[in-house]
Amino acid sequence: MITAFLSFGMEQVIVRRIAASSRSDWAAAAFFFHALVGSAVSFCILLFLSNIFSHHQGIYYLPWYFLAQALMYMATPLKQYLNAKQQFAPYGVIAVVSNVLKVGMGYILLRKGLLTISTASIVLILAATIEFIALWIYVKSKTGFSLSFRRLAYYKLIKESFPLYITAIFDALLKRADAILLGILATGAITGDYGFAYKAFEMATLPIVMVGPIILAKLARTSLADGYDETKKHEIKSLFTIEIFLAMLIPLVLNLLWSPLLDHFTKGKYGTVNGDVIFVLSLCVPLLFIINLLWTLCFTTRKYKKISIITLVSAVSNLILNAALIPWLGGVGAAIAFLVTTLIQATFYCYIVSREIFVLPFGSFLLIFLLGAVAYYVGITITSVLWLRLIIVIALYITLSVAFKQIGKAHLYTLKSYLKR
């Protein structure tokens, strides 16, 4: 939440600026200065508070966990600079190495009985430091990145980013309101179970995290340079359909594997008990893919005010729904609140894009969703053998999608053209 307050909505603005113009590289340097100063000041304040309230463990550890997060946050301008230049591989390698080290150090400490809140914070700080230094060395040595700070340029960036500041704050609240309210309104066991399921759900949305910067960089160039001609509109419509098709595979596979695998590996602790929660959350995945593309279309056409309004309405709705449903349904209530909020977001974005940009084939979403549901039902009805279920469901889903002309060579070609640097 602190880094969300610090960000000022700059992350995506610098991608749009740098992708649209080679003369806007200054935006990354301005954001880096902002992140560095903001993180340093915040860390000092938290350290001061932790010394005053040293008897309170949560506040005592907060500065050190924030330090790990702040290092990642200070690396954001460098990551976004590479994203805007469509240089995705370098940070990909750095991130994989740092996360492998993080998991490796955690595992060693766990095996030796030394994994505590304190040692976990040290691991996070070390991994974040390694990632930041490696990224800094690469960007400085292999690109034309300049750290020269220009005050007027920084003010210009602040001015453009300000409409997105509310979006950044409420988006952070939207993502964590369920966990906060569960901690207040539900038991520790329910909160823990939901937290486990939500982390798995976040991992299931990683493809969005990967493809999002690619789409943003490409559409930023198009919308500001040439606009959306009929050829580009057809291309985006094709991308919309292939994204939905691939997104539906995630909830299909996730729901088939969740209970059997988790019950096996956690001895029944997180599998079936979280089955309903993961089912409801998984329904959000295709919607989040849609929202990501629609948000990108709105963002690259600089509809900042409308994005802020949608995020504000969604965050407030999420708070109200969580407060109403958690006491009644626990973790499932939190999941339903998130699903309804996601539907609200998707509906608003569909309306704005259709009215002010161009109409996408939203009917394809409903048809592909129906085809996925049919394939899932047939698969779990025919057999109880897990691997056979998986094969039947995926094969039937692909066959039905091809038969109903929801996927074809043109869609795959569009996807390839976007993923290709």
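Quick caveat, the model's predicted, so the values are computed rather than measured. (Residues numbered from 1 in each chain as written. Predicted model: local features only at pLDDT ≥ 70, side-chain atom pairs only at ≥ 80, totals over all residues. Heavy atoms only, no water.)

1. What to know about the overall build of the chain
Check the secondary structure of the chain and you find 18 helices and zero strands. Computed over C-alpha atoms, the radius of gyration of the chain comes to 22 Å, within 12% of the 22 Å expected from 2.2 N^0.38 for 421 residues, which places it in the range of a compact globule. Structurally, the chain occupies a C-alpha span of about 60 × 55 × 40 Å along its principal axes. For the chain, restricting intrachain contacts to residue pairs at least 6 apart in sequence, the fraction spanning at least 24 positions comes to 81%. Carbon and sulfur atoms make up 70% of the accessible area of the chain, which totals about 20800 Å². Taken together, the 35 basic and 16 acidic charged side chains of the chain have centroids lying 7 Å from each other. (Helix = DSSP H or I, 4+ residues; strand = E, 2+ residues; numbered from the N terminus. Rg over C-alpha atoms; globule rule 2.2 N^0.38 Å. Contact = heavy atoms within 4.5 Å. Areas by Shrake-Rupley, 256 points an atom, 1.4 Å probe, with all protein chains shown as cover. Lys, Arg positive; Asp, Glu negative; His and termini not counted. Charge placed at Lys NZ, Arg CZ, Asp CG, Glu CD.)

2. A word on the nonpolar core
In terms of nonpolar packing, the biggest core is built from 114 residues, with Leu157 and Phe201 touching the most fellow members. With 14 residues, helix α11 (residues 230-265) is the single largest residue contributor to this core. If sequence neighbours within four positions are ignored, leucine 157 has contacts with Met10, Val13, Ile14, Trp26, Ala27, Ala30 and Phe31. (Core = buried A, V, L, I, M, F, W, Y, C linked by side-chain atoms within 4.5 Å. Buried < 20%, exposed > 50% of the residue type's maximum accessible area, 1.4 Å probe, protein only.)

3. Details of helix α7 (residues 117-142)
Think of an α-helix as 3.6 residues a turn; residues three or four steps apart then line up on the same face. End to end, α7 covers 37 Å across 26 residues, agreeing with the expected 38 Å (1.5 Å per residue, within 8%). Buried residues of α7: Thr119, Ser121, Val123, Ile125, Ala127, Ala128, Glu131, Phe132, Leu135 and Val139, and no others. (Expected span 1.5 Å × (residues − 1).)

4. Some remarks on the packing of aromatic side chains
The tally for this structure, following the rule as stated, stands at 15 aromatic pairs. Pairing phenylalanine 299 with tyrosine 304 gives two aromatic rings, centres 5.4 Å apart and planes at 40°, and the pair type is tilted. Overall, tyrosine 304 belongs to the buried group, its relative accessible area being 7%. In textbook terms, an aromatic cluster arises when at least three aromatic residues are bridged by ring pairs, as seen for Tyr194, Tyr198, Phe201 and Phe338. (Phe/Tyr/Trp six-rings, centres within 6.5 Å; stacked < 30°, edge-to-face > 60°.)

5. Some points on the pattern of salt bridges
Tallied over the entire structure, the rule returns four salt bridges. With a shortest N-O distance of 3.5 Å, lysine 306 and glutamate 356 are connected by a salt bridge. Taken together, the residues lysine 306 in helix α14 (residues 304-329) and glutamate 356 in helix α15 (residues 331-356) connect sequence positions 50 residues apart. For lysine 306, a relative accessible area of 33% corresponds to the partly exposed category. (Salt bridge = Lys/Arg side-chain N within 4 Å of Asp/Glu carboxyl O.)

6. Things to note about the environment of leucine 249
Of note, leucine 249 is situated in helix α11. Placed 144 residues apart in sequence, leucine 249 and valine 393 show a C-alpha to C-alpha distance of 9.4 Å. In contact with leucine 249, not counting residues within four places along its chain, are Ile394 and Tyr397.

7. Re unusual backbone geometry
Despite not being glycine, lysine 405 has its phi angle at roughly 60°, a positive value. With respect to the secondary-structure elements, lysine 405 resides in the loop between α17 (386-403) and α18 (409-419).

8. Section: the packing of α11 against helix α13 (residues 284-300)
Running from N to C, α11 and α13 cross one another at 155°; their axes reach a closest spacing of 7 Å. The pairing of α11 with α13 is recorded here as roughly antiparallel in orientation. Two packed elements cross with a definite hand, and for α11 against α13 that hand is right-handed. On α13, the residues that touch Ile236, Leu239, Phe240, Glu243, Ile244, Ala247, Met248, Ile250 and Pro251 of α11 are Val285, Pro286, Phe289, Ile290, Leu293 and Leu297. (Axes fitted to C-alpha atoms, helices over the stretch in contact; angles between N-to-C directions. Parallel < 35°, antiparallel > 145°, perpendicular 65-115°, else oblique. Left-handed = near helix turned anticlockwise from the far one by under 90°.)

9. Let's talk about the environment of lysine 409
One can find lysine 409 in helix α18. Measuring from C-alpha to C-alpha, the distance between lysine 409 and aspartate 25 comes to 37 Å, with 384 residues separating the pair along the chain.

10. Description of the confidence of the model for the chain
Across the chain, the average pLDDT comes to 85, with 94% of residues at or above 70. Of all helices and strands in the chain, the one with the weakest mean pLDDT is helix α10 (residues 206-225) (71), whereas α17 scores best (94). (pLDDT = per-residue confidence, 0-100.)

11. Quick look at helix α12 (residues 275-282)
With six of eight residues buried, α12 lies mostly within the body of the structure. Burial in α12 covers these residues: Gly275, Val277, Ile278, Val280, Leu281 and Ser282. Along its buried surface, α12 packs onto α9 (188-204), α11, α13 and α15.

12. What about a nonpolar patch on the surface?
A surface patch of nonpolar side chains, about 850 Å² in accessible area, is lined by Phe33, Leu36, Val37, Val41, Ile45, Phe48, Leu49, Ile52, Phe53 and Phe149. Within the secondary structure layout, phenylalanine 53 lies in the loop between α3 (26-52) and α4 (57-74). The class for phenylalanine 53 is partly exposed, based on a relative accessible area of 37%. (Patch = residues over 30% accessible without salt bridge, like charges linked within 9 Å, V, L, I, M, F, W, Y side chains within 5 Å.)

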